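# Topology and contacts: notes
Each chain, written out:
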Amino acid sequence: MIRKQVTRQALDAWVDGLIAAGRVVGAQKKGGRYAFDDLRRAADLCLDYDVTILPPKKYFLPPKEDILRFSDGRYESVSDAAPFTLLGVHPYDMAAIAQMDKLFAQDNRDEHYLARREQATVVVCDIERMSPNIFAASVGTATAADGCDALITRVGRAYVIESHTAKGERLLAGLAGAPDADAVTLARREQLWEDNARLMSRRELRVEPRRLPRLLEDAYDHPVWEEKASQCFACGSCNLVCPTCYCFDVQDDVEWDPSRGVRRRVWDGCMLTDFATVAGKHNFRKNRADRYRHRYYRKGKYVPEKIGDFSCVGCGRCVSACVARIADPVEVYNRIAEVQ
Amino acid sequence: MCGGAGKPEAKDIYRPEPATLARSEGLTAHERWFEVKLDSGRPLGHMPGQFVEISVPGIGEAPISVSSAPGRNGAFELVVRNVGNVTRALHGLPAGARIGVRGPFGTSFPVDGAMRGRDVLFICGGIGLVPVRSAIQYVLDHRPDYGAVTILFGTRSPSDRLFTDETAKWAGTRGVTYMETVDRGDAGWTGKVGVITTLMPDLKIDPARTVAVVCGPPIMYKFVIIELHKMKVADENIFVSLERNMKCGVGKCGHCQINGLYVCRKGPVFRYADVNDVREAV
Amino acid sequence: MGKPRVAIFDFACCEGCQLQIVNLEEEILGLLQVIEPVEWREAMSDKSETCDIALIEGSITRAEDAERVKRIRARAGVVVALGACATMGGVNKLKNNFDLHDVKTCVYGEAADMPHLDTMPAMAVSEVIPVDFAVPGCPMSKTEFTCIVRCLALGKTPVIPTFPVCVECKRNENVCRYEYNEVCLGTVTRAGCGAKCPTAGGWCFGCRGLVDDPNVNAARDVMEQYGKTMADLDDRLALFNSKRE
């Protein structure tokens, strides 16, 4: 493991070096909020962002991607997977990526997702600033960064950069001349982790996530579903900004020569009206409340039963994205826990 | 190529393999029968009840049940109701047309498991006969392995009945009881009129020896299961094939979920005892 | 199968949707690979007795227009309504909110009673004749139009989204207009435009009409949460979604 301690200036120089050597994406300002985008220079990189509008899943499962090309009745796979560095992912988003890795590798390997994932070097940065709706500390994702290749933590005016994998080590090659992190700084980092793990929540989930699958079993007819869903636009915003939502739709598009075209997959959402509609027009989840409940069951029960992880990582994006202000997992799960 | 350098694209779970529509024939005003051959010449390798994803280039992809028993010849059969873009396009394709196939996917009727050595009761509504036909053919192909065979088939009208030559043959087969009914008869209809459950009270079955296989429109299951319960058939011995929007077929896209169950992987055939408390199932 | 013979007709509108076709520029060559235009006032002088596909823009606001659109229906195989005016009446329906005579007097003054200015409440094409397909939007989107034409040429029913604009806005990673405290109609408006207006920094005008199952009550209820009134919402809805009946 390489563990360096650098100033912001040295960090920027290192990042500029990475940008000169290949594609680097990081959080940048966008319309008063933040978004991951290609970095042109280190100065644009915000390591002190609160939360990005979309999670970094868009680099592994893009909102729109061509998966096949066909001509004259034959299909071939397409992929734009190429090496890149994803710089400054918050721990809760890393937790989400780790879940997606399991889901896309489980049972049937999704080579489109996995090829992009394999090409990525992911650098996590510890959270410096809380977003308005974060509750990561409440679900244990405020600090743990399992699965990342390297980790950046700001300690006072210094940054500790440490490699976790061989990929991470290669990335840190440009820091060879920087001093190793000193004991005092590392001790302060430990303290920061302890604080973040405790404090990075605006709201508190009053139920242990591992108890949710059982609690939800008895909550199918809870009034909260109808109550919240009556205000639901079925706009799917909560799905689309969620770092662990991965449902997709598949569509064909042809060129002007109709024997040639592409098969495309696009982000979909289980809250959308026709998500469970079949070709004969029968909609198996017609009611808003059924769809609303489905989403919370996926996060709290279905996905946990599939991969063992609570599928809400506490980023709070859904809370912010919901115009009707009904998409708060903390509120919903606390309500479920109350009556039990 | 998918998977980056060195990754064979054969691993892409979304890539259809080339196939050809060998023959086709209209069955009713809305349903058409197809015989499909994989260009590789390999057999599909399915079991009764499984489905495939059929691609028509430029139009899209749709999940379709395999309607023939495995191993009858190198090809496999589909019956397609014209209800959407892909199925409409299929109806318009001539013999020899190129299509894409992925699969087979999903679970199958337990022809080599729970059904073996037992009496079998098939209950099919409308195109519910399509996947079940595969199991019926399999059972008849391996006749000594099963007890009494009963087939109930209900459709909306006489002209909606599928495979009338084949059902007539079943009706004339020793050891097979075949009964059919229509919701509404027409001028020439002399058979039974009424929904499929009206055939059930007259059945003489031994519930302890019977395995029931049920497939039909969404509304049908509830009522058929009530009748089966009256006949004392246990939930362990009821198998249902459930239709959902199996878009990707490989447990990823999420469209086919019945609560937590991905129908494309855990279904479409379920033992009813496993889904009788799953709220979205029937 | 030969290329479908296509005719384009206009009724009460700004002809902006036809202009979108002209604006296809080099893509027109692609378009001509799959269709054969037989009548198109804005671009050619030929006329045709029959056609396989009639593309109709504009809303129906006069009795003689209603008769004309019925004649078009009779000689066309497939009728496609182009744009907000044809698919739902569009901004022309604003006048349906008022007394027709007042509207005419306001616009034409003393000449309001001249017979050639006779008008009736604006109607979508589908309120007068059966319409097979609709291309929503003001103006209609070029991408969606070409996609729909390719679908029709292939015999495929085009997929028009049943979900709201928010979906495309999120896919584009836009900051929600409500975060800027603006009233945006994206929550109840049919997607398919690629969330063009919010992506360009504006709010959604609702030009593609409401989704099939819009939660307008929720849209009203949230006004208060953002310090707005129901009138703020209704004013915005009125532009494309007033008096829809």
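Residues numbered from 1 in each chain as written. Chains lettered and ligands numbered in written order. Predicted model: local features only at pLDDT ≥ 70, side-chain atom pairs only at ≥ 80, totals over all residues.

## A look at the domain arrangement of chain B
All names here are of chain B. One can read the domain layout of chain B as domain 1 (9-104) and domain 2 (119-275). One C-alpha centre belongs to domain 1, the other to domain 2, and the line joining them spans 22 Å. Of the residues lining the interface, 19 residues belong to domain 1; the matching set on domain 2 comes to 18 residues. Mapped onto the side of domain 1 that touches domain 2, the elements with two or more residues apiece are β3 (51-56), β4 (60-65), β5 (76-81) and β6 (98-105). (Domains from an automatic or database assignment. Contact = placed C-beta atoms within 7 Å. Helix = DSSP H or I, 4+ residues; strand = E, 2+ residues; numbered from the N terminus.)

## Structural notes on the sheet that holds strand β4 (residues 64-71) of chain A
All names here are of chain A. Pairing is antiparallel across the open sheet formed by 4 strands, whose spatial order is β5-β4-β11-β10. This sheet does not close on itself; its edge strands, each paired only once, are β5 (74-77) and β10 (248-254). Sheet twist, expressed as the mean angle between neighbouring strand axes with direction ignored, is 25°. Across 7 bridges, the pairing between β10 and strand β11 (residues 260-267) is antiparallel. In the strand pairing of β11, D253 is matched with V262. (Pairing = 2+ DSSP bridges. Axes fitted to C-alpha atoms, helices over the stretch in contact; angles between N-to-C directions.)

## Section: the packing of helix α2 (residues 27-34) of chain C against helix α6 (residues 142-154) of chain C
Residue and element names in this part refer to chain C. Between α2 and α6, whose axes approach to 10 Å, the crossing angle comes to 20°. By the angle between their directions, the pair α2 and α6 is classed as roughly parallel. In this structure, α2 meets α6 at a crossing whose hand is left-handed. Contacts between α2 and α6 involve E27, L31 and V34 from the first element and T146, V149, R150 and A153 from the second. (Parallel < 35°, antiparallel > 145°, perpendicular 65-115°, else oblique. Left-handed = near helix turned anticlockwise from the far one by under 90°.)

## Digging into the nonpolar core
Judged by nonpolar contacts, the single largest core of 247 residues is most densely connected at V213(B) and I56(C). In this structure, V213(B) is in contact with F109(B), V120(B), F122(B), I123(B), V132(B), A135(B) and F239(B), ignoring residues within four places of it in sequence. Core analysis: the second largest hydrophobic core is formed by 5 residues, I67(A), L68(A), Y75(A) and Y14(B) among them. (Core = buried A, V, L, I, M, F, W, Y, C linked by C-beta atoms within 7 Å. Buried ≥ 20, exposed ≤ 12 C-beta atoms within 10 Å, placed from the backbone.)

## As for unusual backbone geometry
In this model, G267(B) is joined to P268(B) through a cis peptide bond whose omega is 5°. A cis amide bond links C138(C) to the next residue, P139(C), at an omega of -10°. Structurally, P139(C) is set in the loop between β5 (133-135) and α6. At D72(A), a residue that is not glycine, the phi angle is positive and equals roughly 50°. Mapped onto the elements, D72(A) comes out in the loop between β4 and β5. By C-beta crowding, D72(A) is classed as exposed, having 8 other C-beta atoms within 10 Å. One non-glycine residue with positive phi stands out, namely K281(A), at about 85°. For K281(A), the position within the fold is in the loop between β11 and α10 (288-307).

## A short note on the environment of G125(B)
Residue and element names in this part refer to chain B. You can see G125 is positioned in strand β7 (residues 119-125). Using a count of 27 C-beta atoms within 10 Å as the deciding quantity, one classes G125 as buried. Expressed as a C-alpha distance, the spacing of G125 and P104, which sit 21 residues apart in the sequence, is 23 Å.

## What to know about the domain arrangement of chain C
Residue and element names in this part refer to chain C. Domains assigned within chain C are domain 1 (5-154) and domain 2 (166-241). In this complex, domain 1 contributes 11 residues to the contact, which on the side of domain 2 involves 9 residues. In terms of residue count, helix α4 (residues 83-88) provides more of the side of domain 1 that touches domain 2 than any other element does, 3 residues in total. Taken together, the residues that form the side of domain 1 that touches domain 2 break down as 6 nonpolar, 4 polar and 1 charged. (Nonpolar A, V, L, I, M, F, W, Y, C, P; charged D, E, K, R; others polar.)

## Thoughts on the packing of helix α9 (residues 216-225) of chain C against helix α10 (residues 230-241) of chain C
All names here are of chain C. The interhelical angle for the contact between α9 and α10, taken along N-to-C directions, is 130°, at an axis separation of 8 Å. Relative to α10, the element α9 is oriented oblique. Seen from α9, the contacting residues are A219, R220 and M223; seen from α10, they are M230, D232 and L233.

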